[in-house]
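# Examining the three-dimensional arrangement
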Amino acid sequence: MRPVKRWKRAAALVCAALMLGACAQKEPDAEEKDENLIVVGFSEVGAESDWRVANTESMKNTFVEEKGYELMFHDAKQKQDSQIAAIRNYILQEVDYIVLAPVVEVGWDEVLMEAKDAGIPVIVVDRMVKVEDDSLYAAWVGADFRKEGDTAMQWLEEELKRQGRDKEPLYIVHVQGTEGASAQIGRTEGLEAGLSAHPNWKLAARLSGEFTQAKTYEVVLELLSQGTDVDVIYCENDNSAFGAIQALEEKGVSYGADGDVIIISFDATRAGLTACLEGKINLDVECSPLHGPRVEKIIRQLENGETPEKNQFVEEGYFTRENLTEEFITEREY
Ligand code: GZL
């Protein structure tokens, strides 16, 4: 483990507090910390969704002092500039590892080169980074977002056959997540492939829900007020699905497993699965946020001088009312 210079980190901490404001969370006096701890600097996207909160919790529950870690955490409030500043702060403080959950895929080459020049390995988690030189990060772990979209299209095709609606025109409203995020890119690609494969499926509207309930409620309510034909609302995460449902209910439009409008969602958080069990969401495609242990495994490999697998995809399923029970939902970790 790299010798961590406490006095330099303390000085950098003062700079960081000025630069990043209250976002930079730091444990009490570093002097009390055990010199042998592995210091991990984690740059998180924000707290925009239930999924993101669970992802943060997984990281904080993993990198604890009892397991030999000191975690430095920064919430970027979905701003890439803020993430870049946090990474520079971690470099100043000479952390042992940087973990980055990138808000979008591009714009990381320069700061990741600075980390590389400082000899600090970077592990990318959840969304991906697109960089010229993939030696700028040691490993990535996350979901196959295109596959998630394909899973949703496969299910929709089968569901329409089951309902005897597979030959009719079908109007799909697409609510996208944060533009440029891997989850948005992959899930959008899945829908676009589905639209290309089914000439009777029509894109009624493409809206930006930014992965949040509030924004999705606003844009879907506006669309419904225009009298647009809607048969399916394809929401790129659960919080967007909750916003769409809020708008549908306000307009008195029936939806879900027993209604007119089919709701497709992603993440399969506990709240999303509860809505699915209640018949409010027709399909919820799983996207695990529990990356803490997966990132720790990568760090342990690096500590042991091993080379972790570069891109590590997590296996995922999907849920409908038919394959859910209250007990199952209660027992899930998120
Ligand atoms: C997916 C993750 C997305 C979730 C959203 O891995 O990047 O960001 O689907 C979250 O809930 O905001």
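## Quick look at the overall build of the protein
- A count of helices and strands for the protein gives 11 helices and 12 strands.
- Whereas a compact globule of 334 residues would reach a radius of gyration of roughly 20 Å, the protein reaches 22 Å, a difference of no more than 12%.
- The C-alpha extent of the protein, read off along each of the three principal axes, is 70 × 40 × 35 Å.
- Residues counted as buried form 55% of the 334 residues belonging to the protein.
- By sequence separation, contacts in the protein at least 24 residues apart represent 75% of the contacts at least 6 residues apart.

## Describing the site of the ligand
- Around the ligand, the structure places 13 residues, and the nearest of them are E48, D126, R127, R187 and D267.
- One nitrogen or oxygen atom from the side chain of N237 is found 2.9 Å from an oxygen atom belonging to the ligand.
- A distance of 2.6 Å is found between an oxygen atom of the ligand and a side-chain nitrogen or oxygen belonging to D267.
- Contact with the protein chains removes 100% of the 310 Å² of surface that the ligand exposes when unbound.

## A word on the nonpolar core
- Grouped together as the largest cluster of nonpolar side chains are 44 residues, with contacts concentrated most on I98, W108, V295 and I299.
- When residues in this core are grouped by element, the largest group, five residues, is from helix α3 (residues 80–92).
- Sequence-distant contacts of I299, defined by excluding residues within four places in its chain, comprise I38, V40, F63, Y69, Y97 and I123.
- Core analysis: the second largest hydrophobic core is formed by 32 residues, V230, C235, I263 and L324 among them.

## Some details on the packing of aromatic side chains
- Overall, the coordinates contain five aromatic pairs when judged by the stated rule.
- Where F63 meets Y69, the ring centres are 4.9 Å apart and the plane angle is 85 degrees; that geometry is what we call edge-to-face. The burial state of F63 is the same as that of Y69; both residues are buried.
- Of note, K60 hangs over the ring of F73, and the distance from its end group to the ring centre comes to 4.2 Å.

## What about the side chain of Q184?
- Looking at where Q184 falls in the secondary structure, it is placed in helix α6 (residues 182–197).
- By relative accessible area, Q184 is classed as buried at 8%.
- Beyond its immediate chain neighbours, meaning those up to four positions away, Q184 contacts Q176, G177, T178, E179, F211 and E236.

## A few points about the pairing of strand β5 (residues 139–142)
- Of the two faces of β5, both are covered, the one formed by A139 and V141 as well as the one formed by W140 and G142.
- The sheet contact formed by strand β4 (residues 122–125) and β5 spans three bridges and is parallel. Across the sheet, residue I123 finds its bridge partner in β5, namely A139.
- Across three bridges, β5 lies against strand β11 (residues 311–313) in parallel orientation. Among the inter-strand pairings, G142 is bridged to a residue of β11, identified as F313.

## Overview of the sheet that holds β5
- Pairing is parallel in the open sheet, where six strands are placed in the order β2-β1-β3-β4-β5-β11. Edge positions in the sheet fall to β2 (69–75) and β11, since each of these pairs with one other strand and no more. Ignoring strand direction, the axes of neighbouring strands in this sheet form an average angle of 20 degrees.
- Here α3 sits on the sheet and contacts β1 (38–44), β2 and β3 (97–100); the angle it forms with β1, its principal contact strand, is near 170 degrees.

## Details of the sheet that holds strand β6 (residues 170–176)
- Ordered in space as β7-β6-β8-β9-β10-β12, the six strands form an open sheet in which the pairing is mixed. On the outer flanks of this sheet lie β7 (201–208) and β12 (318–319), each paired with one strand and no other.
- Pairing between strand β10 (residues 283–286) and β12: two bridges, direction antiparallel. Among the inter-strand pairings, V285 is bridged to a residue of β12, identified as Y318.

About the criteria used
Residues numbered from 1 in each chain as written. Predicted model: local features only at pLDDT ≥ 70, side-chain atom pairs only at ≥ 80, totals over all residues. Heavy atoms only, no water. Helix = DSSP H or I, 4+ residues; strand = E, 2+ residues; numbered from the N terminus. Rg over C-alpha atoms; globule rule 2.2 N^0.38 Å. Buried < 20%, exposed > 50% of the residue type's maximum accessible area, 1.4 Å probe, protein only. Contact = heavy atoms within 4.5 Å. Near = heavy atom within 4 Å. Polar contact = N/O pair within 3.5 Å; in protein donor to acceptor, adjacent residues only side chain to side chain. Areas by Shrake-Rupley, 256 points an atom, 1.4 Å probe, with all protein chains shown as cover. Core = buried A, V, L, I, M, F, W, Y, C linked by side-chain atoms within 4.5 Å. Phe/Tyr/Trp six-rings, centres within 6.5 Å; stacked < 30°, edge-to-face > 60°. Lys NZ or Arg CZ within 6 Å of the ring centre and 35° of its normal. Pairing = 2+ DSSP bridges. Axes fitted to C-alpha atoms, helices over the stretch in contact; angles between N-to-C directions.

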